[in-house]
Amino acid sequence: SPPPTHSQIIMLADGYGPEIHTMARSVKRSIVGDKTRKMALDPHLVGTSITSSSSNIITDSAAGATAYSCATKSYNGAISVVPKTDEFTRACADSLGGLYCPESL
């Protein structure tokens, strides 16, 4: 048998938030006629994330995705990089499979 999987891939639509999931759950419950029906993603929704970019309170898709995947703010118009420091732009380790090691700089 295959080894157990320890990772999950969750695809979120641009602009996705708790209100979109709540609306989808309400529609599903109405369609199936079950007021207690849960969505497949419900057990995994355990918190929220504030994804404002480092350059603007309004975040574009790339900076928002970077906040989710790298747990750091990026600037609008860039994906998987952190703001410029020391005259270069650093790539996020998570998006490169852990290649960036800040202690080596």
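The structure we're discussing is the one just above.
About the thresholds
- Residues numbered from 1 in each chain as written.
- Predicted model: local features only at pLDDT ≥ 70, side-chain atom pairs only at ≥ 80, totals over all residues.
- Heavy atoms only, no water.
- Helix = DSSP H or I, 4+ residues; strand = E, 2+ residues; numbered from the N terminus.
- Buried < 20%, exposed > 50% of the residue type's maximum accessible area, 1.4 Å probe, protein only.
- Areas by Shrake-Rupley, 256 points an atom, 1.4 Å probe, with all protein chains shown as cover.
- Salt bridge = Lys/Arg side-chain N within 4 Å of Asp/Glu carboxyl O.
- Patch = residues over 30% accessible without salt bridge, like charges linked within 9 Å, V, L, I, M, F, W, Y side chains within 5 Å.
- Expected span 1.5 Å × (residues − 1).
- Polar contact = N/O pair within 3.5 Å; in protein donor to acceptor, adjacent residues only side chain to side chain.
- Contact = heavy atoms within 4.5 Å.

A. Region of the structure containing the overall build of the protein chain. Counting its regular elements, the protein chain contains 2 helices and 0 strands. Across the 105 residues that make up the protein chain, the buried fraction comes to 18%. Entry remark: accessible area of the protein chain is about 8,000 Å², with carbon and sulfur atoms responsible for 59%.

B. Spotlight on the pattern of salt bridges. Within the structure shown, the criterion is met by 1 salt bridge. One salt bridge connects Asp42 with Arg25, and the closest N-O pair in it is separated by 2.8 Å. Separated by 17 residues along the polypeptide, Asp42 in the loop between helix H1 (18-32) and helix H2 (61-70) and Arg25 in helix H1 bring together distant segments of the chain. Residue Asp42 shares its accessibility class with Arg25, and that shared class is buried.

C. Layout of a nonpolar patch on the surface. A grouping of Ile20, Met23, Val27, Ile31 and Val32 is seen on the molecular surface, where their side chains present a nonpolar patch of about 450 Å² in accessible area. Locating Val32 in the fold gives a position in helix H1. For Val32, a relative accessible area of 35% gives the class partly exposed.

D. View of the environment of Val82. You can see Val82 is positioned in the segment after H2. For Val82, a relative accessible area of 10% puts it in the buried group. Placed 16 residues apart in sequence, Val82 and Thr66 show a C-alpha to C-alpha distance of 8.7 Å.

E. Spatial organisation of H2. Buried within H2 we find Ala62, Ala63, Gly64, Thr66, Ala67 and Cys70. Among the residues trailing H2, Ala71 stands out with phi positive, at a value near 55°.

F. Local environment of H1. The end-to-end C-alpha distance of H1, which contains 15 residues, comes to 21 Å, matching closely the 21 Å that a straight helix rising 1.5 Å per residue would cover. One or two residues past the end of H1 sits Gly33, with phi positive at roughly 70°.

G. Fine view of the environment of Ser61. Relative to the assigned elements, Ser61 resides in helix H2. Classification of Ser61 as partly exposed rests on a relative accessible area of 41%.

H. Spotlight on the side chain of Ser53. Mapped onto the elements, Ser53 comes out in the loop between H1 and H2. Of note is the side chain of Ser53, whose polar atom sits 3.3 Å from the backbone nitrogen of Ser55. Beyond its immediate sequence surroundings of up to four residues, Ser53 is in contact with Ile58, Thr59, Ala63, Lys73, Ser74, Tyr75 and Asn76.

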